[in-house]
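If you want the building blocks of each chain, they are given just below.
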Amino acid sequence: MELLPRSPAEFGSARYWDRFFRQRGQRPFEWYGAFPELCPVLYKYVRPRDKVLVVGCGNSELSEQMYDVGMCEDIVNIDISDAVVRQMRERSASTRPKMSYLLMDMLQMDFPDSHFQVVLDKGTLDALLTDEEEATLAKVDQMFAEISRVLQVGGRYLCVSLAQAHVLKKAVEYFSQEGWVVRVHQVASSGDKQQFVLPVFVYVMTKFRKIPGSAAQILEICPEEQDKPMRVESAERLVAAVKDRQHYALLCSQISKTPCREQVSLDLCDKESGKPRYTLHVVDSPSVKPSRDNHFAIFIIPQGRETEWLFGTEEGRRQLAASAGFGRLLTVALHREQHYEGMASIQAELSGKVMELAPPGLPAHQQVPFLSVGGDIGVRAVRHCGSSPLSGDFVVEDVRGDGTCYFRRLIFLQNRNVVQSEARLLAPTPLPGHKKRRKDKKKASPTEPPGAIDKSYLCCEHHKAMVAGLCLLGGPDALPGELAVLVVGLGGGSLPLFVHDYFSQARVAVVEIDPSMLEVATRWFGFSQGDRMQVHVSDGLDYVAKLAAEAPAQYDAIMFDVDSKDLTVGMSCPPPAFVEKPFLQKVKTILKPEGVFVLNLVCRDAGLKESVLAALRDVFPLLYARSIQGEVNEILLCQAGPAGRRGPAELGARARALEQALRQPGRPWDSSWALAEALQAVHIL
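Along each chain, the written sequence defines residue order, and numbers are assigned to residues from 1. Reporting of local features is limited, given that this is a predicted model, to residues whose pLDDT is at least 70; pairs of side-chain atoms are given and counted only at 80 or more, and all residues count toward the totals for whole chains, interfaces and linings. Hydrogens are left out, water is left out, and the side-chain values use all remaining heavy atoms of the structure.

Focus: the overall build of the chain
Counting from the N terminus, the helices are DSSP H or I runs at least four residues long and the strands are E runs at least two residues long. When you go through the chain residue by residue, the secondary structure sums to 19 helices and 27 strands. Whether a residue is buried, partly exposed or exposed follows from its accessible area with a 1.4 Å probe, protein chains only, as a fraction of its type maximum: under 20%, in between, or over 50%, in that order. The burial tally for the chain puts 52% of its 685 residues in the buried class. Whether two residues are in contact is decided by their heavy atoms, any of which lying within 4.5 Å being enough. Intrachain contacts of the chain at a sequence separation of at least 6 include 70% that bridge at least 24 residues. Computed with the Shrake-Rupley method and a 1.4 Å probe, the accessible areas treat only the protein chains shown as cover for residues. Summing over all exposed atoms, the chain offers an accessible surface of approximately 32,300 Å²; the carbon and sulfur share of this is 51%.

Right, dumping it as structure tokens:
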């Protein structure tokens, strides 16, 4: 039996609806939104003594159910189909004497002005506003004008809708411009998503007298999980908020039916502030053989560890899911701007929401485990928040790593999943959630770092490789003595600090474009200047160009560890101008003939990377590359002098000899790494 119209325009035709209801018979037809789902919203806005008008009632049971539960009895239902009006009169004549059904066009109603307290519309606006043609919009304007006319001041127009963007936008703009308060409720789902995947919404338009000259708009949204409305600043933002919830519903429907071929990422936001509170990644492991107990698990990433390879990359999360042994693993990252009481409170907060992301085939009432490292949510303390015109917003935070070690990190919030600089703290710092053994009455000064920096420890693998690259300096039997080193890019200062402290005769010049970074490195990362360490606040491009013109061949080593602020380029380190051939020629000019140029390259664009390597080859005859496992970073060691090519064995021997020279009595050395290991897998380009 064909019940759908030949064209959307037929939705406004009385002839179509007469045929529709004759063919359907007595069976009620509900577009969407069953009464149990709508009830919580209707009870908020419909009072027992209200006079209610239902437009386009069809043969829906909504009016009957409202009457039968005592929500309201004075209900007038209208429809343009004579067939359905007669049918509904017969159904309710003897059992619902106070409710009436009238044959009437909602575009030309016979009721007097201000006759109703509530106008209820379940799918009628959606059926009428099928397109944005001029004739259609004119009918909608007429419908809204009639509803406005028959409603009292303070009355409510309740519109049950799937909230297509053009429908919602039209309703919000019309009534907000009339001075009405507009609130959109998302209807809580019953869990049966077989008929409609999209969520159902109720627009609540409350009539107020229009104040001449007033442009104020009150626009609000009430998500299904909360009663308190959230204010939004414009119709566009309201439509966008609804669209986000529709996309989420589609996502949940999709991944509940089929496994995810690619990892899915989404943010869950704080109800009060609207800021992200949790970042979720859905990771499916097709290789895991499903059983009753391994369908689904939730993994809470400890605070501060979301940037680690295992948790912060697709491949890492894939390995984590496979090792956990679950068909679907949902990883949950916690945001630094939010407060968390502990694992139990997080589990209570997420338990309902994460089940919407459950995999297909999950047994009913299956208990889903919450996992973490060490069974807790980790420790994170933000020590400093700042902003720079050059670097944007940034934070300095202390986090507990794997085990008992604590680390201090600098993170630029425009790229919050990347640790810009990191240093290990010599001793655990008193942090929230960290119990002290004894009471300490002396409070730490809020302006001083709470723990000393371990300057012997290089947290970043690429820094270890960059330091190890200095073994290329000197002759076959000689190690570097007095060195002149130029470092472009300060960050937290760990790289120039290590060179300064362990190469006791080195003179280190650092170029940093952002004065805020010098302040951060000095205050929070133990950096200091002296006779052998000087910082020049300048653009690295200008500084090198000036030296090339005035003082060539003065550095034994030049190190570039400078990030790019332009996130649209497929290379985040260094900025493209630093690896253009004319500038590389200037770098070669200020480098001594036997010197080494060390470049930290982070490039995801294969074509761009090849052009960078080509420019380097044109300028520097000797080019060594060291990829950093699990990271995009690649360390390039470049030489232009007469030194011959050195194979892996010779490089390893020189690295071991350099390390032996650096390990002096009384000088701390981190035994977790070796210079020779940092040069493993170096290859000649």
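With respect to the sheet that holds strand 17 (residues 406–412)
Remark on secondary structure: sheet strands pair via backbone hydrogen bonds, oriented parallel or antiparallel. Pairing is antiparallel in the open sheet, where 4 strands are placed in the order 15-16-17-18. On the outer flanks of this sheet lie strand 15 (380–388) and strand 18 (421–424), each paired with one strand and no other. Direction aside, the axes of adjacent strands within the sheet are offset by 15 degrees on average. One requirement defines pairing of two strands: DSSP has to find at least two bridges between them. The sheet contact formed by strand 17 and strand 18 spans 4 bridges and is antiparallel. By the bridge assignment, R408 is partnered in strand 18 with A423. Across the sheet, helix 14 (residues 515–524) is in contact with strand 15, strand 16 (392–400) and strand 17; its angle to strand 15 comes to roughly 155 degrees. Throughout, an axis means a line fitted to C-alpha atoms (over the contacting stretch in the case of helices), and angles, computed between N-to-C directions, take values from 0 to 180 degrees.

Some remarks on the pairing of strand 12 (residues 296–300)
With 5 of 5 residues buried, strand 12 lies mostly within the body of the structure. In this sheet, strand 14 (residues 370–372) lies alongside strand 12 in parallel orientation, the contact comprising 3 bridges. In the strand pairing of strand 14, I300 is matched with S372.

Section: the pairing of strand 7 (residues 201–206)
Burial within strand 7 is extensive, with 6 of its 6 residues counted as buried. Of the two faces of strand 7, both are covered, the one formed by F201, Y203 and M205 as well as the one formed by V202, V204 and T206. Two strands pair when backbone bridges link them, and strand 5 (residues 151–161) and strand 7 are joined in this way by 6 bridges, in the antiparallel orientation. By the bridge assignment, V160 is partnered in strand 7 with V202. As defined by bridge partners, strand 6 (residues 181–186) adjoins strand 7 across 6 bridges and the pair is classed as antiparallel. Looking at the pairing, V182 lines up with M205 of strand 7.

Here we look at the pattern of salt bridges
One speaks of a salt bridge when a side-chain nitrogen belonging to Lys or Arg is within 4 Å of a carboxyl oxygen belonging to Asp or Glu. Evaluation of the coordinates by the stated rule reveals 34 salt bridges. D113 serves as the salt-bridge partner of R149, at 2.8 Å between the closest nitrogen and oxygen. One end of the pair, R149, is in helix 6 (residues 134–150); the other, D113, is in the loop between strand 3 (100–103) and strand 4 (116–122), and 36 residues separate them in sequence. On the accessibility criterion, D113 (51% relative accessible area) is exposed. Ionic pairing is found between E308 and R305, a salt bridge with its closest N-O pair at 2.8 Å. Each of E64, D68, R91 and R96 takes part in a single network of salt bridges with overlapping partners.

Observations regarding the side chain of D121
In this structure, D121 sits in strand 4. Charge counting follows a simple rule: Lys and Arg are positive, Asp and Glu are negative, and His as well as the terminal groups are ignored. Salt bridges are absent for the buried D121, whose nearest opposite-charge side chain, K122, sits at 9.3 Å. Engagement of the side chain of D121 in a polar contact is seen with the backbone nitrogen of L125, the distance being 3.2 Å. Once you skip the residues sitting within four places of it in the chain, D121 turns out to touch V55, M143, Y157, L158, C159 and V160. In protein, a polar contact means a hydrogen-donor-capable atom and an acceptor-capable atom, both N or O and within 3.5 Å, with residues adjacent in sequence counting only if both atoms are side-chain atoms; elsewhere, any N or O pair within 3.5 Å suffices.

Side note on the packing of helix 12 (residues 461–468) against helix 13 (residues 494–502)
Between helix 12 and helix 13, the shortest axis-to-axis distance is 10 Å and the interhelical angle comes to 35 degrees. In the crossing of helix 12 with helix 13, the sense of the turn from one axis to the other is right-handed. Residues H463, M466 and V467 of helix 12 form the contact with helix 13, whose participating residues are S494, L495 and F498. Amino acids are sorted into nonpolar (Ala, Val, Leu, Ile, Met, Phe, Trp, Tyr, Cys and Pro), charged (Asp, Glu, Lys and Arg) and polar (every other residue, Gly among them). Here the residues of the contact of helix 12 with helix 13 are counted per class, giving 4 nonpolar, 2 polar and no charged. Two helices cross in a left-handed way if the nearer one is turned anticlockwise from the farther one by less than a right angle. They cross in a right-handed way if the turn is clockwise.

Looking at the environment of K609
Tracing the backbone through its elements, the reader meets K609 in helix 17 (residues 606–619). Beyond its immediate chain neighbours, meaning those up to four positions away, K609 contacts L601, C603 and E634. Of note is the side chain of K609, whose polar atom sits 2.7 Å from the side chain of E634.

Re the sheet that holds strand 14
Taken together, the 5 strands give an open sheet; going across it, the order is 10-11-13-12-14, and neighbouring strands pair in mixed fashion. The open sheet has two edge strands with one neighbour each: strand 10 (264–269) and strand 14. Each adjacent strand pair in this sheet contributes to an overall mean axis angle of 25 degrees, direction not counted. Across 5 bridges, strand 12 lies against strand 13 (residues 328–334) in parallel orientation. Bridge pairing in strand 13 links F296 to R328.

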